[in-house]
Amino acid sequence: MPTKKGALPGIVVDKLRVPGSIAVPLGEEQVENASRRNFLRRGSTIAGSAIAAGTAGISMSQAAPLAIPESNKGYGKPIPADDYGVPSKFESNVRRRRTDVLKNRQNFSDWSMTPLQHQHGIVTPNGLIYERHHNGTPDIDPKTHKLVIHGMVKQPLEFTMDDLMRYPSVSKFHFMECSGNGLTDWLKAASTTVQQTHGLLSCAQWTGIPVSWLLDEAGLASDAKWLLFEGADGAGHVRSMPLKKVLDDCLLVYAQNGEMLRPEQGYPLRLFVPGWEGNVSVKWLRRIKVGDQPWHARSETARYTDPMPDGKWRQFSFEMECKSVITRPSGGMNIKPGAHEIQGFAWSGNGKITAVDVTTDGGKTWQEARLEEPVLNKCLTRFRFPWDWNGGPANIASRAVDSTGYVQPTVQELAKVRAIVGFVQHHNGVFPWSVSASGEVKNAIA
Ligand SMILES: Nc1nc2c(c(=O)[nH]1)N[C@H]1C(S)=C(S)[C@@H](COP(=O)(O)O)O[C@H]1N2
Ligand SMILES: [Mo]
């Protein structure tokens, strides 16, 4: 199916993906009930006699009498003074920086990764949103922080945070993904878990002001075409953005998931660019300069480009193209034969997800998965797919389709339109996990 710049001809491989004929699903509830009953029924037959028909639990007649647990017998813990809630201590393995899998290097140019295998629903909790900073997290007082708009404008403007908070606001759910996500696992299995392979990805409800409102107040010169955004961190992170995209949907964000930005996400103010590589969503934003052409910082050209098969480089590869990954079961897990619900995320920087297919036989056959509401523009979408694992070796993967008709390619298909050499960015290829006869789930990139 021809797509914009990805130009991936011939990806539509089987009957299921006939261009322009994406299946209209049954009524939501019908499918829901039918698949849940089947799922549980299958569960009961496969797991054997200990499981009563229609349930995943143990039949009460075979269970020990229901004892009164300690938690029923006394007072619970009172609310501590000045409390800010944290997860249960029993969830302490859910971390964006796992020192057991990645040595804590304490570098200033550093990153942490979202544990996608533990994420329920589409929203990444604030403490688990991945981080990428080129020079550490600055400590910025919102009382003294200012945003300046200058350059090719009729009236240069300066805003305090109080000024900005007086504007009406908008709140939008969007994913954010680093262009380097998946970079280590293009051609060989270098990583173990989905946190390591895909964890430079998060999704939040972002609150702020459309950039267009402030540009309108400053008054754009008629030949204005590009904007420069500058961060107040030690990296002096500077990025050029085409005016068209900025006017379309970019936000000046001060809150994430209902509270002010976390320091590591750009407190007190960041640019948020829906659907484009995270790199352009400049954190700790202090300056917007209006011009008529892009500015070329060294690191900037390094990020916006992709190598092509003919040895040339394509400039301005901003969009994060349609992609998906199975998060359960995923690398590092161990599963038992029987009924499973395969779950995962799909997302596209170019629109909404319209379908996700799942294979359990290494891509020989594909079946359509269920998408879970809400399905939003440039946002993580959850998919699920019931699977009876018979205990034999399996190879599972997902492939997503977005509202432009683009079908997520395999790495082999991507290799026809991109050169995969060195540390290549923008990996949106189909990602397989293998399941061994003993139930071990492993990264299966060949
Ligand atoms: N000022 C500033 N903005 C920045 C960066 C930075 O180092 N400094 N890193 C960029 C990169 S490469 C990414 S992927 C995103 C990460 O945002 P997050 O840390 O909130 O996940 O911020 C971008 N904005
Ligand atoms: Mo990034």
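Not measured: the values here are computed from a predicted model.

Trainee: Even after reading the chapter, I still don't get the environment of Val 325, so can you show me in this structure?
Mentor: Mapped onto the fold, Val 325 is located in strand β15 (residues 323-328). Taking the relative accessible area as the measure of exposure, Val 325 reaches 0% and is therefore buried. C-alpha separation for the pair Val 325 and Thr 197, spaced 128 residues apart in sequence, amounts to 9.6 Å. The residues contacting Val 325, other than those within four sequence positions of it, are Val 194, His 198, Gly 344, Phe 345, Trp 347, Phe 383, Ser 398, Phe 431 and Trp 433.

Trainee: Hey, could you run me through the nonpolar core in this one?
Mentor: In globular proteins that are soluble, nonpolar side chains generally tend to be buried together. Grouped together as the largest cluster of nonpolar side chains are 42 residues, with contacts concentrated most on Val 356, Leu 380, Phe 383, Trp 387 and Trp 433. Every element with two or more residues in this core is listed here: β6 (201-210), β15, β16 (338-347), β17 (353-359), β20 (381-389), β21 (394-402), α7 (411-414) and β22 (433-435). Viewed by domain, this core spans two of them, domain 1 (36-45 + 320-443) and domain 2 (99-313), each represented by three or more residues. Setting aside chain neighbours within four positions, we find Trp 387 in contact with Pro 329, Ile 335, Gly 338, Ala 339, His 340, Ile 342, Thr 360, Ala 394, Ile 396 and Val 435. Leu 214, Ala 224, Met 241 and Phe 318 belong to the second-largest nonpolar core, a separate cluster that totals 32 residues.

Trainee: What is the right way to look at the site of ligand 1 in this model?
Mentor: Neighbouring ligand 1 are 19 residues, the closest being Tyr 130, His 134, Asp 233, Arg 270 and Lys 283. Take Tyr 130: an N or O atom from its main chain is 2.6 Å from an oxygen atom of ligand 1. Protein coverage of the free-state accessible area of ligand 1, which is 540 Å², stands at 100%. Here the shell around ligand 1 takes 3 residues from strand β2 (residues 131-133), the largest share from any one element. Across the shell around ligand 1, the residue classes tally to 5 nonpolar, 8 polar and 6 charged.

Trainee: Is there a simple way to think about the sheet that holds strand β18 (residues 367-368) in this case?
Mentor: Two strands in a sheet stick together by hydrogen bonds in their backbones, pointing the same way (parallel) or opposite ways (antiparallel). Here we have 5 strands laid out as an open sheet, ordered β18-β17-β21-β22-β23, and antiparallel in their pairing. Edge positions in the sheet fall to β18 and β23 (441-443), since each of these pairs with one other strand and no more. As judged from the 2 bridges shared by β17 and β18, these two strands associate in the antiparallel manner. From the neighbouring strand, Val 358 faces β18, where its bridge partner is Gln 367.

Trainee: Help me understand helix α4 (residues 211-218), please; the structure alone is not making it clear to me.
Mentor: Here α4 has its buried residues at Val 211, Leu 214, Leu 215 and Ala 218. The buried residues of α4 all sit within an arc of 100 degrees when viewed along its axis, so they share a single face. A positive backbone phi angle near 80 degrees is found at Gly 219, which sits one or two residues after α4.

Trainee: It is not clear to me how the pairing of β6 should be interpreted in this structure. Could you clarify?
Mentor: Each regular strand displays side chains that alternate between the two surfaces of the sheet. Burial within β6 is extensive, with 9 of its 10 residues counted as buried. Pairing analysis gives 8 bridges linking strand β5 (residues 170-177) to β6, with the strands arranged antiparallel. When the sheet's bridge partners are listed, Lys 172 is paired in β6 with Trp 206. Sheet analysis places β6 next to strand β9 (residues 251-256), joined by 5 bridges and oriented antiparallel.

Trainee: Looking at this structure, I do not really get the pattern of salt bridges. What am I missing?
Mentor: Close approach of charged atoms lets side chains of opposite charge pair. Tallying each qualifying case throughout the model produces 15 salt bridges. The salt bridge involving Asp 306 is made with Arg 418; its shortest N-O contact spans 3.5 Å. With Asp 306 in strand β13 (residues 306-307) and Arg 418 in the loop between α7 and β22, this pair connects stretches of sequence that are 112 residues apart. Judged on exposure class, the residue Asp 306 and its partner Arg 418 are both buried. A cluster of three or more residues bridged by salt bridges with shared partners is formed by Arg 96, Glu 131 and Glu 264.

Trainee: What's the story with the packing of aromatic side chains in this structure? I'm lost.
Mentor: Describing an aromatic ring pair means giving the distance of the ring centres and the angle of the ring planes. According to the stated counting rule, one finds 5 aromatic pairs in the structure shown. Relative to Tyr 167, the ring of Phe 159 lies with its centre 6.3 Å away and its plane at 65 degrees, an arrangement referred to as edge-to-face. Relative accessible area serves as the criterion here: at 18%, Tyr 167 is assigned to the buried category. Aromatic side chains Trp 387 and Trp 389 sit 6.4 Å apart centroid to centroid with 40 degrees between the ring planes, which places their arrangement in the tilted category. No difference in accessibility class separates Trp 387 from Trp 389, as the two residues are buried.

Trainee: Explain the pairing of β15 here, please?
Mentor: For β15, the buried fraction is high: 5 of the 6 residues fall into the buried class. With 5 bridges joining them, β15 and β16 adopt antiparallel strand pairing. Bridge pairing in β16 places Val 325 opposite Phe 345.

Trainee: I tried to follow the sheet that holds strand β8 (residues 238-242) on my own but got confused; where do I start?
Mentor: With mixed pairing, the 5 strands of this open sheet are ordered in space as β4-β3-β12-β7-β8. With one partner strand each, in any of the chains shown, β4 (157-160) and β8 form the two edges of the open sheet. In this sheet, adjacent strand axes meet at a mean angle of 15 degrees when their direction is disregarded. Here strand β7 (residues 226-231) runs beside β8; their pairing, made up of 5 bridges, is antiparallel. Bridge pairing in β8 places Phe 229 opposite Arg 239. Packing of α4 onto the sheet brings it into contact with β3 (146-151), β4, β7 and β12 (285-291), and relative to β4 it is tilted by some 135 degrees.

So, how was this worked out
Residues numbered from 1 in each chain as written. Chains lettered and ligands numbered in written order. Predicted model: local features only at pLDDT ≥ 70, side-chain atom pairs only at ≥ 80, totals over all residues. Heavy atoms only, no water. Helix = DSSP H or I, 4+ residues; strand = E, 2+ residues; numbered from the N terminus. Buried < 20%, exposed > 50% of the residue type's maximum accessible area, 1.4 Å probe, protein only. Contact = heavy atoms within 4.5 Å. Core = buried A, V, L, I, M, F, W, Y, C linked by side-chain atoms within 4.5 Å. Domains from an automatic or database assignment. Near = heavy atom within 4 Å. Polar contact = N/O pair within 3.5 Å; in protein donor to acceptor, adjacent residues only side chain to side chain. Areas by Shrake-Rupley, 256 points an atom, 1.4 Å probe, with all protein chains shown as cover. Nonpolar A, V, L, I, M, F, W, Y, C, P; charged D, E, K, R; others polar. Pairing = 2+ DSSP bridges. Arc of directions from axis to C-beta. Salt bridge = Lys/Arg side-chain N within 4 Å of Asp/Glu carboxyl O. Phe/Tyr/Trp six-rings, centres within 6.5 Å; stacked < 30°, edge-to-face > 60°. Axes fitted to C-alpha atoms, helices over the stretch in contact; angles between N-to-C directions.

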